[in-house]
Number of protein chains: 2
Amino acid sequence: MNLVLSRDSQVKTMENTVANAEKYFGQFCALLAAYARKTAKLRDKSDLLVKQLFDYANTENPELQRTMKNFAEELAKVQDYRQAEVERLEMKVVEPLKRYGVQFKQMRAEMKRFNSVRNNEIKQLEKLERLRQKSPSDRHTISQAESNVHKASVDAARTTQLLEETIDEFQKQKLKDIQKIFLDFVTIEMAFHAKALEVYSSAFQNLDGYDLERDMEDFRAKLHGASGNQDARPASATNSSSTLPWSTSNQSIQSTLQRQEDSEDDSEENVLQDFSDSEYEPIRRQLNSGTNHPRS
Amino acid sequence: MNLVLSRDSQVKTMENTVANAEKYFGQFCALLAAYARKTAKLRDKSDLLVKQLFDYANTENPELQRTMKNFAEELAKVQDYRQAEVERLEMKVVEPLKRYGVQFKQMRAEMKRFNSVRNNEIKQLEKLERLRQKSPSDRHTISQAESNVHKASVDAARTTQLLEETIDEFQKQKLKDIQKIFLDFVTIEMAFHAKALEVYSSAFQNLDGYDLERDMEDFRAKLHGASGNQDARPASATNSSSTLPWSTSNQSIQSTLQRQEDSEDDSEENVLQDFSDSEYEPIRRQLNSGTNHPRS
């Protein structure tokens, strides 16, 4: 009976190993999926910012326009890398953890099978015990029961051996996978941060090189030009660039404002709250559809 | 009357400049506040992951335990940098944009004041025109009206001059600020990405150095040790470390599982959805309260 008890404790250890892994892998899967989802939401907000920066750039004088458009492009690049980050997290981190669900199911089936074999061994042992007490002289039946116990024990031992091998393989694979999954997580994050750093360095150079005085000259020329003629921009010694006349810019502002007022609430407080439920679909990723992170 | 019309178009240009800035600064403020908020949510998810990694580490054998705890610590460090990022974004990007609200209000008041002065000029001109048509011979009254027109024109010219100076100063400050705000944004992001890259590099080294075989030896010893005695871990030639006995670990798992089952739904699907509304407050930032990003 001692061997049965020891097997009992061994199978408990195995069950705990599997249950524990199942519990935590499930948690990791849920949390890393949420992490990817939150990253996708950060990307969406940034995409909105990119769009607004482009809209704003179109309303400004050439120098700021150039600077803002350049900045918006760099910011959009970071979002492309963030998009790649989200996709890779899902493929190399969330999916492998999800697949573990199947493996846990198989392990539970294995252990159930072992339990039924083990229960049979106990049943045969109890039967033999009862026979020995009730009819100790019935040598034939006792011998038969002894043979059944032996068979059941051999079965149980073989199943235990198999289960031990299975759990050994499972544990090895689990340790290997947990290392790989988190190494992949770290690698994906590193790649994103390195790319973001690179793009922002270039964005910094661009913003830093902005020539405010040039824009002020344009602005002053416009303001005084507007006194003379509303619909045409005066030729100016300080401005030989191909900027649109101010009145045209105004029309562009008006239509931009109109578009925004059509699509979203104007008040800042409402914008702050409404944006979180925004159904905005970034144009850039609408083009290469299928790569966009599904909204939860 | 021509001067009045030209002033009219000039003030329209000024009004458009202010209205346009107000519109976009409001949008930038809302979007960058949302960006900071989404970043804070990403930090919260990561904090949850850190917590689960620590919990999981406590249920594993010494080698994986050490590796996972080290990884959790590195991941927590990244979140500390993310927290700094959120705080700096709010202080150096969102707040300055918010403060512009006051400035826009002042500018609108200035322009309103100009409009009333300008309207007075028009009123006086119209009065003079009427007088000239109704009683062209009433030299005294006409002379009085002409004097009023002159005064109103001087007033309007002075106010226009003042407004022009104010709008010039406003535009200059606006251009300077937009450059500074986005430069600060880029600097804050760069600092975060650089730090994250550094910490993840160290996390990679740690994870990469994980010795799976050592843990497998421990696991096999435990599994066979469990056959002999459920409550004590057998001495093992391959394991001289200070790990807790497996049975104690089991209790720890059980209580951890219990805690988790008390506080949240167990099913993965529900976890995935419920986590987004989670009220989890990271312990680390509970300590230095006040620095935590307020939840929306």
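Residues numbered from 1 in each chain as written. Chains lettered and ligands numbered in written order. Predicted model: local features only at pLDDT ≥ 70, side-chain atom pairs only at ≥ 80, totals over all residues. Heavy atoms only, no water.

K.L.:
It is not clear to me how the overall build of chain A should be interpreted in this structure. Could you clarify?
P.N.:
Looking only at helices and strands, chain A features seven helices and zero strands. Reading the helices (α) and strands (β) of chain A from amino to carboxyl end gives α-α-α-α-α-α-α. Scored against the burial criterion, the 296 residues of chain A give a buried share of 50%. Considering only contacts within chain A whose residues lie at least 6 apart along the sequence, 80% involve residues at least 24 apart. In the structure as shown, chain A presents an accessible area of about 14300 Å², 50% of it carried by carbon and sulfur atoms. (Helix = DSSP H or I, 4+ residues; strand = E, 2+ residues; numbered from the N terminus. Buried < 20%, exposed > 50% of the residue type's maximum accessible area, 1.4 Å probe, protein only. Contact = heavy atoms within 4.5 Å. Areas by Shrake-Rupley, 256 points an atom, 1.4 Å probe, with all protein chains shown as cover.)

K.L.:
Would you take a moment to explain the environment of B:Tyr24 for this structure?
P.N.:
All names here are of chain B. Within the secondary structure layout, Tyr24 lies in helix 1 (residues 2–57). A relative accessible area of 0% places Tyr24 in the buried class. Each C-alpha atom, one on Tyr24 and one on Ser9, is 22 Å from the other, the two residues being 15 residues apart in sequence.

K.L.:
I tried to follow the side chain of A:Asn115 on my own but got confused; where do I start?
P.N.:
All names here are of chain A. In this structure, Asn115 sits in helix 2 (residues 62–134). Using a relative accessible area of 18% as the deciding quantity, one classes Asn115 as buried. Within the structure, the side chain of Asn115 is placed 3.3 Å from the side chain of Glu15, a separation counted as a polar contact. Those residues in contact with Asn115, other than ones at most four positions away along the chain, are Val11 and Glu15. (Polar contact = N/O pair within 3.5 Å; in protein donor to acceptor, adjacent residues only side chain to side chain.)

K.L.:
It is not clear to me how the pattern of salt bridges should be interpreted in this structure. Could you clarify?
P.N.:
In a structure, side chains of opposite charge can pair up when their charged atoms sit close to one another. Counting across every chain of the model gives 29 salt bridges over all chains. A:Asp155 serves as the salt-bridge partner of A:Arg158, at 3.1 Å between the closest nitrogen and oxygen. Of this pair, A:Arg158 and A:Asp155 are both found in helix 3 (residues 139–208), three residues apart, which corresponds to roughly one turn of the helix. Classification of A:Arg158 by relative accessible area gives exposed; the value is 53%. Across the pair A:Lys174 and B:Glu60 runs a salt bridge whose closest N-O atoms are separated by 2.5 Å. Here the residue A:Lys174 occupies a position in helix 3, and B:Glu60 occupies one in the loop between helix 1 and helix 2 (62–134), the pair thus bridging two chains. Judged by relative accessible area, which is 2%, A:Lys174 ranks as buried. (Salt bridge = Lys/Arg side-chain N within 4 Å of Asp/Glu carboxyl O.)

K.L.:
I'm lost on the interface of chain B and chain A in this one. Help?
P.N.:
It is common to report an interface's size as the accessible area lost on association of the parts. On the chain A side, the residues contacting the 97 residues of chain B number 97 residues. Roughly 9000 Å² of surface becomes buried between chain B and chain A when both sides are summed, with 69% attributable to carbon and sulfur atoms. On the chain B side of the contact with chain A, B:Tyr24, B:Leu31 and B:Lys38 bury the most area, a combined 8% of that side's loss. For the pair chain B and chain A, the number of links is five salt bridges. For the interface between chain B and chain A, the tally reads 13 residue pairs in polar contact (both at pLDDT 80 or more). Here the side of chain B that touches chain A takes 34 residues from helix 1 of chain B, the largest share from any one element. Of the residues contributing to the side of chain B that touches chain A, the split by class is 48 nonpolar, 26 polar and 23 charged. (Buried area = accessible area lost by both parts, 1.4 Å probe. Nonpolar A, V, L, I, M, F, W, Y, C, P; charged D, E, K, R; others polar.)

K.L.:
Help me understand the packing of helix 3 of chain A against helix 2 of chain B, please; the structure alone is not making it clear to me.
P.N.:
Packed helices, taken two at a time, are described by their axes: the angle between them and the distance between them. In contact at an axis separation of 12 Å, helix 3 of chain A and helix 2 of chain B are set at 20° when each is read in the N-to-C sense. The orientation of helix 3 of chain A with respect to helix 2 of chain B, classified from their angle, is roughly parallel. In terms of crossing hand, the pair formed by helix 3 of chain A and helix 2 of chain B is left-handed. Across the interface between the two elements, A:Leu175, A:Ile178, A:Phe182, A:Phe185 and A:Val186 of helix 3 of chain A pack against B:Leu64, B:Met68, B:Phe71 and B:Leu75 of helix 2 of chain B. Residues belonging to the contact of helix 3 of chain A with helix 2 of chain B are distributed by class as follows: nine nonpolar, no polar and no charged. (Axes fitted to C-alpha atoms, helices over the stretch in contact; angles between N-to-C directions. Parallel < 35°, antiparallel > 145°, perpendicular 65-115°, else oblique. Left-handed = near helix turned anticlockwise from the far one by under 90°.)

K.L.:
Help me understand the relation of the copies chain B and chain A, please; the structure alone is not making it clear to me.
P.N.:
Comparison of the two chain copies shows a relationship of rotation about an axis with a shift along it. Taken as rigid bodies, chain B and chain A are interconverted by a rotation of 180° and an axial shift of 0.0 Å, the fit giving an RMSD of 0.1 Å. In symmetry terms, the pair is related by a two-fold rotation axis. Considering only C-alpha atoms, the residue of chain B closest to the rotation axis is B:His193, which sits at 2.5 Å. Taken as a fraction of all interface residues of chain B, those also at the interface in chain A reach 100%, which identifies the copy contact as same-surface. (Least-squares fit on C-alpha atoms with pLDDT ≥ 70 in both.)

K.L.:
Any chance you could explain the confidence of the model for chain A here in plain terms?
P.N.:
When pLDDT is low, close inspection of the predicted coordinates is not appropriate. Residues with a pLDDT of 70 or more make up 74% of chain A, whose mean pLDDT is 78. With a pTM of 0.74, the predicted complex shows an ipTM of 0.74. (pLDDT = per-residue confidence, 0-100.)

K.L.:
How should I be thinking about a positive patch on the surface in this particular structure?
P.N.:
A cluster of basic side chains, namely A:Lys123, A:Lys127, A:Arg130 and A:Lys134, defines a positive patch on the protein surface. Looking at where A:Lys123 falls in the secondary structure, it is placed in helix 2. (Patch = residues over 30% accessible without salt bridge, like charges linked within 9 Å, V, L, I, M, F, W, Y side chains within 5 Å. Lys, Arg positive; Asp, Glu negative; His and termini not counted. Charge placed at Lys NZ, Arg CZ, Asp CG, Glu CD.)

K.L.:
Whenever I open this one, the packing of aromatic side chains confuses me. Can you help?
P.N.:
Between two aromatic rings, the relevant description is the distance of the centres plus the angle of the planes. Scanning all chains against the criterion turns up 26 aromatic pairs over all chains. With a centroid separation of 5.4 Å and 65° between ring planes, the pair formed by A:Tyr35 and A:Phe185 is classed as edge-to-face. Residue A:Tyr35 is located in helix 1 (residues 2–58), and its partner A:Phe185 is located in helix 3; the two are separated by 150 residues in the primary sequence. There is no split in this pair, since A:Tyr35 and A:Phe185 are both buried. A ring pair is formed by A:Tyr56 and B:Tyr24, whose centres lie 5.3 Å apart and whose planes are at 50°; its orientation type is tilted. Of this pair, A:Tyr56 sits in helix 1 while B:Tyr24 sits in helix 1, placing the two residues on different chains. As far as burial versus exposure is concerned, A:Tyr56 and B:Tyr24 are alike and both buried. An aromatic cluster of three or more residues is present, and its members are A:Tyr24, A:Phe25, A:Phe28, A:Tyr35, A:Tyr100, A:Phe104, A:Phe170, A:Phe182, A:Phe185, B:Tyr56, B:Phe71 and B:Tyr200. (Phe/Tyr/Trp six-rings, centres within 6.5 Å; stacked < 30°, edge-to-face > 60°.)

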